[in-house]
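# Understanding the architecture of this molecule
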Amino acid sequence: MNRETSEDHYEVIVIGAGLGGLSAAAQLAKAGRKVLLVEKEPRVGGFFSPIVHGSYYFNNGPRLLMGCNADGPNGPGVIHAFLEELGVRQMCEFIPIQPFTTIRMPDLEFSFWSGRKAFIEGIHKASPGGIENLPELLNLCGRIHQAALSYYREKKTWEMVKNSGRLIEALLYQNVTLEDGLRSYIPQAGPRNIIGAIWPFFGLPPWRASFFYWAVLMATYID
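Residues numbered from 1 in each chain as written. Predicted model: local features only at pLDDT ≥ 70, side-chain atom pairs only at ≥ 80, totals over all residues. Heavy atoms only, no water.

### Things to note about helix α1 (residues 19–30)
An ideal rise of 1.5 Å per residue puts 16 Å on 12 residues; α1 measures up with 16 Å between its terminal C-alpha atoms. In the segment just after α1, G32 is the residue with positive phi, at about 95°. (Helix = DSSP H or I, 4+ residues; strand = E, 2+ residues; numbered from the N terminus. Expected span 1.5 Å × (residues − 1).)

### Description of the packing of aromatic side chains
Tallied over the full model, the rule gives five aromatic pairs. An aromatic cluster of three or more residues is present, and its members are F100, F110, F112 and F119. In this structure, K34 packs its charged tip against the face of Y10, placed 5.4 Å from the ring centre. (Phe/Tyr/Trp six-rings, centres within 6.5 Å; stacked < 30°, edge-to-face > 60°. Lys NZ or Arg CZ within 6 Å of the ring centre and 35° of its normal.)

### Re the pattern of salt bridges
Across all of its chains, the model carries four salt bridges by this definition. A salt bridge links R33 to E11; the nearest nitrogen and oxygen atoms lie 3.3 Å apart. In this pair, R33 sits in the loop between α1 and β2 (35–38) while E11 sits in the segment before β1 (12–15), placing the two residues 22 residues apart along the sequence. With relative accessibility at 47%, the residue E11 sits in the partly exposed group. With a closest N to O distance of 3.5 Å, E179 and R192 form a salt bridge. Taken together, the residues E179 in helix α7 (residues 178–183) and R192 in helix α8 (residues 189–195) connect sequence positions 13 residues apart. Since its relative accessible area comes to 7%, R192 is described here as buried. Each of E179, R183 and R192 takes part in a single network of salt bridges with overlapping partners. (Salt bridge = Lys/Arg side-chain N within 4 Å of Asp/Glu carboxyl O. Buried < 20%, exposed > 50% of the residue type's maximum accessible area, 1.4 Å probe, protein only.)

### Side note on the nonpolar core
Grouped together as the largest cluster of nonpolar side chains are 38 residues, with contacts concentrated most on F112, L137, I195, F211 and W214. Broken down by secondary-structure element, the contributors of at least two residues to this core are β6 (108–112), α3 (116–126), α4 (134–153), α6 (164–172), α7, α8 and α9 (211–222). Take this core: its biggest share by element is nine residues, from α9. When neighbours within four sequence positions are excluded, W214 is seen to be in contact with L137, C141, L178, L182, I195, G196, I198 and F202. (Core = buried A, V, L, I, M, F, W, Y, C linked by side-chain atoms within 4.5 Å. Contact = heavy atoms within 4.5 Å.)

### What to know about the pairing of β2
For β1 and β2, the ladder comprises four bridges, and the chain directions are parallel. Paired with V14 across the strands is L37, a residue of β2. Following the chain from β1 across α1 to the adjacent parallel β2, one finds a crossover that is right-handed. (Pairing = 2+ DSSP bridges. Right-handed = clockwise from strand over helix to strand, strands pointing away.)

### As for the confidence of the model for the protein chain
With 85% of its residues at a pLDDT of 70 or more, the protein chain has an overall mean of 83. Here helix α5 (residues 157–162) is the element of the protein chain with the lowest mean pLDDT, 56, and β1 is the one with the highest, 96. (pLDDT = per-residue confidence, 0-100.)

### Looking at the side chain of H80
One can find H80 in helix α2 (residues 78–86). Residue classification places H80 among the buried residues on the basis of a relative accessible area of 13%. Engagement of the side chain of H80 in a polar contact is seen with the side chain of R89, the distance being 3.2 Å. Contacts of H80, omitting those with residues within four sequence positions, involve G67, C68, N69, A70 and R89. (Polar contact = N/O pair within 3.5 Å; in protein donor to acceptor, adjacent residues only side chain to side chain.)

### Remarks on a nonpolar patch on the surface
Taken together, the side chains of I13, I15 and V38 define a hydrophobic patch exposed on the protein surface, amounting to about 310 Å² of accessible area. With respect to the helices and strands, V38 occurs in strand β2. Taking the relative accessible area as the measure of exposure, V38 reaches 35% and is therefore partly exposed. (Patch = residues over 30% accessible without salt bridge, like charges linked within 9 Å, V, L, I, M, F, W, Y side chains within 5 Å. Areas by Shrake-Rupley, 256 points an atom, 1.4 Å probe, with all protein chains shown as cover.)

### Structural notes on the environment of A215
Following the sequence through the fold, A215 ends up in helix α9. Exposure remark for A215: the relative accessible area of 0% places this residue in the buried category. For the pair A215 and H145, spaced 70 residues apart in sequence, the C-alpha separation works out to 7.0 Å. Dropping the residues within four chain positions of it, A215 is found in contact with C141 and I144.

And the structure:
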């Protein structure tokens, strides 16, 4: 991509054509604004594009996308709803992947599957012991996810009041690290490392990554 603008006046300038910049520019354009999208790299997509650092090549994309479904336990997926709003959903094809990821360690290899039952069975094969509290952990992830959806979707006061208990619980985990959140449900280090194995997705180590963010991510995978 190497297109230079020939105009000198725009209502909005969006700097950076990662997923956030692309989404913002698309919504602004849909709303009738004259938008200039600026990107320093030769391609759009941000972290969805491969990264080259010295002699290392990191293939970050295409990444897995969640929320592409038209229906689910919490209503339409976020990606589906966003593309519907832009009027381009029918132009996109999403292909379900099972398992959705495979983790390879020096002495262990295992896969994560979508769907609660398949997810738990896969974890049990990788770690037969130490995961007795996994269903309760996944239930917590679901409640945090639903609270986040309620907060961002429902701006009506009554809806917020009805979900106040769930919102308060989610807020209690807002500043909890992934390491501490997992430790309270999975005391043993081995099983805990397996369950939290997708933490590199955040780009932070478990003792700095957000448990809240991880919980929302896990809920979209397993539910």
